[in-house]
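An overview of the molecular structure
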Amino acid sequence: MNIVKELSIYAIPAIFLIILCVGMYKEIKVYDVFIEGAKEGITTVLKIIPSLVGLMVAVGVFRASGALDLLVFAFKPVTNILRIPPDAVPMIFLRPISGSASLAMLSDIFKVHGPDSFVGRVASTLMGSTETIFYTLAVYFGAVGIKKIRYTLVAALIADLASVIAAVWICTVVFG
Amino acid sequence: MFSNITLRTLIYIIRYVQLKAGSFAILLGYFFQYNNVADNICSLKSVRFAVLNYIWFAMLVLGIVVGIMNGRVDEITRAVVSSSQNAIELGIGLLGIMCLWTGLMNIAERSGIIRKVSKAIRPVMSFLFPGIPKEHPAGGAIVMNLVANFLGLGNAATPLGLKAMNELQKLNPEKDVATDEMSMFLVLNTACLQFIPATVIALRAAAGSKNPTEVIGTIWVATLCAATAGVVAAKIFSYLFGNKTRHVNGTKRGKS
């Protein structure tokens, strides 16, 4: 599984190279456009800080009180079968519901176990490989006034479950 | 850790629920079959916030109650103070990489990369969305949304996605029922094929990872699995329950 590792190393330099060259080729003032976009990054992050404060306090209390341990304990049978690291369980539930909540959870996992631990890597993979399903469905279906969404949610949740299983599997293979 | 008697009883309850998990799953199956949950999700636009209200409330209240039973009240107080500080530190830690990323992606957007890549993946579309007539604007909007998502251009993706939904709605005979194409589009959208998962990398870097980008490869593999599972599931479901759109599209094509 060295390919997966190699790909991870080359991805960022490659995309820099491609985007910069295409931009130059299209005669775009790359630096000016970059600065303009970077300003947007600040507003994006500033916008999520209030929800991060709220959610990280909730996650912090939930962990410090031992309630998280209870939750993890409750899901032991399932996590054992699928070999999911038990500490990643809250992430799995929060990810489809809220982006900032799962961000808070992920940061909590990093704080306790470290980003380079197995749980940290699995949780990172989970965070990157799924979307906030409920939010997306609500926004897109809501925008055009669809009331009966039929099997959409179920299919999306199946994809979500597949990503959980795949994330655990690929992390075991690559990082062992 | 679970020395308290109250906690013991809680554990017994949990054990009981674990034993009954099978029948619970069946119940959940019935629940979904009648689509009540799904209906409610869409009838309320603000449902995510409603759900999050309950979750946030439950996490804090359950946390405090369990903490009191556990005798960890001072830990809770400390957690409240330190977590709020951590949130700000995290926000600042994210700023650098997020700025870098949105800046770079602004160049990508201006140079018309979305359009280029969209053209390249056009052929796959007819397999995934058989109900969309060729050259219909819905197809273009869908591809551009997926490509924008793939490149992590969140700001560009949402308007394109809404346009795609509007176009799909024009092909829809029953205006309040989702078509197979809509389901397929949203499943692909939520499976979120992403080239560079910038947020995760930023968060890992902020947490002091030795190699923040090492998860890119694993994320690709997991996403591909998710997307494949989603597409297969959507295809099977549309084969089982999706006869409505097929003949309607036939008449549509005849008209136009």
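These figures come from a predicted structure and were not determined experimentally. (Residues numbered from 1 in each chain as written. Chains lettered and ligands numbered in written order. Predicted model: local features only at pLDDT ≥ 70, side-chain atom pairs only at ≥ 80, totals over all residues.)

Regarding the overall build of chain A
Scanning chain A for helices and strands turns up nine helices and zero strands. Each helix and strand of chain A, ordered N terminal to C terminal, gives the series α-α-α-α-α-α-α-α-α. Considered along the principal axes of its C-alpha atoms, chain A spans approximately 60 × 45 × 35 Å. For chain A, with 176 residues in total, the buried portion stands at 53%. Looking at chain A alone, contacts between residues at least 24 apart form 63% of all its contacts between residues at least 6 apart. (Helix = DSSP H or I, 4+ residues; strand = E, 2+ residues; numbered from the N terminus. Buried ≥ 20, exposed ≤ 12 C-beta atoms within 10 Å, placed from the backbone. Contact = placed C-beta atoms within 7 Å.)

Description of the packing of helix α1 (residues 2-25) of chain A against helix α12 (residues 216-241) of chain B
Relative orientation of the contacting elements α1 of chain A and α12 of chain B amounts to 110°, with a least axis distance of 7 Å. In terms of orientation, α1 of chain A and α12 of chain B fall into the roughly perpendicular class. Along its contact with α1 of chain A, which presents Val4, Lys5, Leu7, Ser8 and Ala11 of chain A, the element α12 of chain B presents Ile216, Gly217, Thr218, Trp220 and Val221 of chain B. (Axes fitted to C-alpha atoms, helices over the stretch in contact; angles between N-to-C directions. Parallel < 35°, antiparallel > 145°, perpendicular 65-115°, else oblique.)

Some remarks on the nonpolar core
Judged by nonpolar contacts, the single largest core of 127 residues is most densely connected at Leu137, Ala155 and Ala159 of chain A. Residue contributions to this core peak at 15 residues, all from helix α2 (residues 30-64) of chain A. When near neighbours in sequence (up to four residues on either side) are disregarded, alanine 155 of chain A contacts Ser183, Val187, Gly230, Ala233, Ala234 and Phe237 of chain B. (Core = buried A, V, L, I, M, F, W, Y, C linked by C-beta atoms within 7 Å.)

Observations concerning unusual backbone geometry
Residue and element names in this part refer to chain A. For arginine 83, which is not glycine, the phi torsion reads 60° and is therefore positive. When you line up the elements, arginine 83 lands in the loop between α4 (76-82) and α5 (89-94). Residue classification places arginine 83 among the exposed positions, given that 11 C-beta atoms sit within 10 Å. Phi angles above zero are rare outside glycine, and arginine 150 is one such case at about 50°.

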